[in-house]
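Given next are the chains, with one letter for each unit.
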Amino acid sequence: MASSSLEWLQSLPKAELHLHLEGAIPLDTLWQLAQKYGGDPEVADQAALAGKFQYSDFPHFLEMWHWKNRFIREYDDFTFFAEAIARDLQQQNIRYVEAFYSPGDFERFGLTPQRITQAMRAGLDKVPGVRVQLIADLVRDRELEKAACTLRDVVEVRDQGVIGIGLGGSEHNYPAQLFEQVFEDARQFGLHTTAHAGEASGAESVRAAVEVLKAERIGHGIRAIEDPSLVGLLAERRIPLEVCPISNLCTGVVRSMPEHPIRRLFDAGVFVTINTDDPKMFGNSLVQEYQALMETFAFTETQVRELILAGIEASWLDPQEKLIYKKEYQSSPVWR
């Protein structure tokens with residue numbers, strides 16, 4: 001890609017709807033946290049830390065996710081890394097984010113979802129120019145009752161920018177049907193809903209997220225391509241997919257970037273948005289995601305702008321706020 005096009009992508013105002021905060025911790029920040037707790041004898045320096053984040057498959061990725069989280073044990077850690085993430089987003093000109101966080105993962109350290117949320121908000125709010133709203137990931141792998149408890153806990157601190165719930169984790173082991181009531185409860189509390197589906201499992205998982213959970217958005221969702229009738233349903237209902245191409249490559253969901261179905265989904269009229277998922281665990285950025293679309297799938301600059309605006313349209317902002325963001329983006333000097 002020509003340097004001028006790369007500079008254009010970097011300078012464009014952007015939005016992101018599928019970003020896990022614990023997977024977006026800058027490596028130097030994670031290194032400091034690891035050293036605080038004695039580190040790992042197999043990880044001698046930051047280069048070795050980066051080397052840990054290579055995956056044989058999706059379960060291996062989840063294993064590394066839990067390994068990393070053992071270096072987050074105190075409320076101050078959340079404030080520390082949240083500020084670092086916000087500064088990284090600011091530098092990328094990502095101005096609006098709806099981000100996942102997984103408070104239940106830290107129950108083992110005696111931490112509560114309420115105080116985790118407050119600590120994270122304190123860090124995020126230290127950085128101007130980037131707005132991060134929170135989606136509590138209930139995590140499939142935990143007991144159903146614990147997911148319900150996490151929901152009730154985060155409702156208590158929704159004034160900290162908690163706008164919805166998500167459902168990540170081992171999709172292949174814990175089907176959507178288990179969480180139908182939890183999602184209904186979330187709606188009764190006035191929260192938005194999204195669910196990871198069609199990543200580690202096939203099209204049937206996406207359909208269950210749509211028809212059973214009634215999720216407003218689908219995290220990943222790319223294996224919907226295996227069922228043409230489902231692709232048609234997604235397009236007809238305008239259900240947004242939070243697509244993360246480089247993540248899918250890194251975890252082995254697709255074998256190569258040219259095999260990724262993003263172009264086919266887009267051309268079929270599916271409402272897709274582009275995201276990074278866990279950028280510091282995959283070594284990617286939002287610029288690199290759009291760069292891959294242009295280089296591998298011949299997405300045009302016009303289509304890139306369309307996808308960026310799709311991120312605002314698929315967000316859970318109210319209609320007036322969406323309009324404000326769209327006008328702000330389109331009035332940028334680089335929005336040519």
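Higher on the page you've got the structure.
Quick caveat, the model's predicted, so the values are computed rather than measured.

Rules used in this analysis
- Residues numbered from 1 in each chain as written.
- Predicted model: local features only at pLDDT ≥ 70, side-chain atom pairs only at ≥ 80, totals over all residues.
- Heavy atoms only, no water.
- Helix = DSSP H or I, 4+ residues; strand = E, 2+ residues; numbered from the N terminus.
- Buried < 20%, exposed > 50% of the residue type's maximum accessible area, 1.4 Å probe, protein only.
- Contact = heavy atoms within 4.5 Å.
- Pairing = 2+ DSSP bridges.
- Axes fitted to C-alpha atoms, helices over the stretch in contact; angles between N-to-C directions.
- Phe/Tyr/Trp six-rings, centres within 6.5 Å; stacked < 30°, edge-to-face > 60°.
- Lys NZ or Arg CZ within 6 Å of the ring centre and 35° of its normal.
- Salt bridge = Lys/Arg side-chain N within 4 Å of Asp/Glu carboxyl O.
- Parallel < 35°, antiparallel > 145°, perpendicular 65-115°, else oblique.
- Nonpolar A, V, L, I, M, F, W, Y, C, P; charged D, E, K, R; others polar.
- Right-handed = clockwise from strand over helix to strand, strands pointing away.

**Looking at the environment of R87**
For R87, the location among the structural elements is in helix α5 (residues 75-91). By relative accessible area, R87 is classed as partly exposed at 34%. Note: C-alpha distance between R87 and V154 (67 residues apart in sequence) is 25 Å. If we skip the residues at most four places from it in the chain, R87 touches K126 and V127.

**Structural notes on the environment of Q177**
You can see Q177 is positioned in the loop between β4 (162-166) and α8 (180-188). Residue Q177 is classed as partly exposed on the basis of its relative accessible area of 46%. Along the sequence, Q177 and L213 sit 36 residues apart, while their C-alpha atoms lie 7.3 Å from each other. If near-sequence neighbours (up to four positions away) are discounted, Q177 is found in contact with A208 and V212.

**Remarks on the sheet that holds strand β7 (residues 241-243)**
One open sheet holds the 8 strands; their spatial order is β1-β2-β3-β4-β5-β6-β7-β8, and the pairing between them is parallel. Two strands lie at the open edges of the sheet, namely β1 (14-20) and β8 (272-274), each paired on one side alone. Averaged over all neighbouring strand pairs, the angle between strand axes comes to 25°, with direction disregarded. In terms of strand pairing, strand β6 (residues 217-220) meets β7 through 2 bridges, oriented parallel. When the sheet's bridge partners are listed, G219 is paired in β7 with E242.

**Some thoughts on the packing of aromatic side chains**
Counted according to the given criterion, the structure contains 11 aromatic pairs. Measuring from ring centre to ring centre gives 5.4 Å for F78 and F81, while their planes differ by 50°; the resulting arrangement is tilted. Here F78 and its partner F81 are both found in helix α5, 3 residues apart, which amounts to about one turn of the helix. Grouping residues by exposure puts F78 and F81 together as buried. An aromatic cluster is present here, built from Y55, F58, F61 and F282 joined pairwise through their rings. When the ring centre of W65 is taken as origin, the NZ or CZ atom of K68, which lies over that ring, is 4.0 Å away.

**A closer look at the pattern of salt bridges**
Counted under the stated rule, the structure contains 22 salt bridges. Overlapping salt bridges, with partners in common, bring together K36, E74 and D77 in one network.

**Some details on the environment of L323**
Tracing the backbone through its elements, the reader meets L323 in helix α16 (residues 319-330). Here L323 falls in the partly exposed class, since its relative accessible area comes to 37%.

**Observations concerning unusual backbone geometry**
In most cases, non-glycine residues show a negative phi, while peptide bonds are predominantly trans. The phi torsion at N93 lies on the positive side, around 60°, for a residue other than glycine. Note on N93: relative accessible area 18%, which makes it buried. Phi is positive for A298, which is not a glycine, with a value near 60°. Looking at the secondary structure, you find A298 in the loop between α14 (286-297) and α15 (301-313).

**Side note on the packing of helix α7 (residues 144-155) against α8**
Running from amino to carboxyl end, α7 crosses α8 at an angle of 10°, the nearest separation of the two axes being 10 Å. Classified by the interaxial angle, the pair formed by α7 and α8 is roughly parallel. For the pair α7 and α8, the contacting residues are L144, A148 and L151 in the first and V182, D185 and A186 in the second. Within the contact of α7 with α8, the residues separate by chemical class into 5 nonpolar, no polar and 1 charged.

**Some remarks on the pairing of β4**
Side-chain direction in a regular strand flips from residue to residue, so the side chains alternate between the two faces of the sheet. Most of β4 is tucked away, with 5 of its 5 residues classed as buried. As defined by bridge partners, strand β3 (residues 131-137) adjoins β4 across 4 bridges and the pair is classed as parallel. Each bridged residue has a counterpart across the sheet, and for D137 the counterpart in β4 is G166. For the crossover that starts at β3, traverses α7 and ends in the parallel β4, the hand is right-handed. Strand direction decides the pairing type here: β4 and strand β5 (residues 192-197), joined by 2 bridges, are parallel. In the strand pairing of β5, G164 is matched with H192. Regarding the hand of the β-α-β motif, the stretch spanning β4, α8 and β5 is right-handed.

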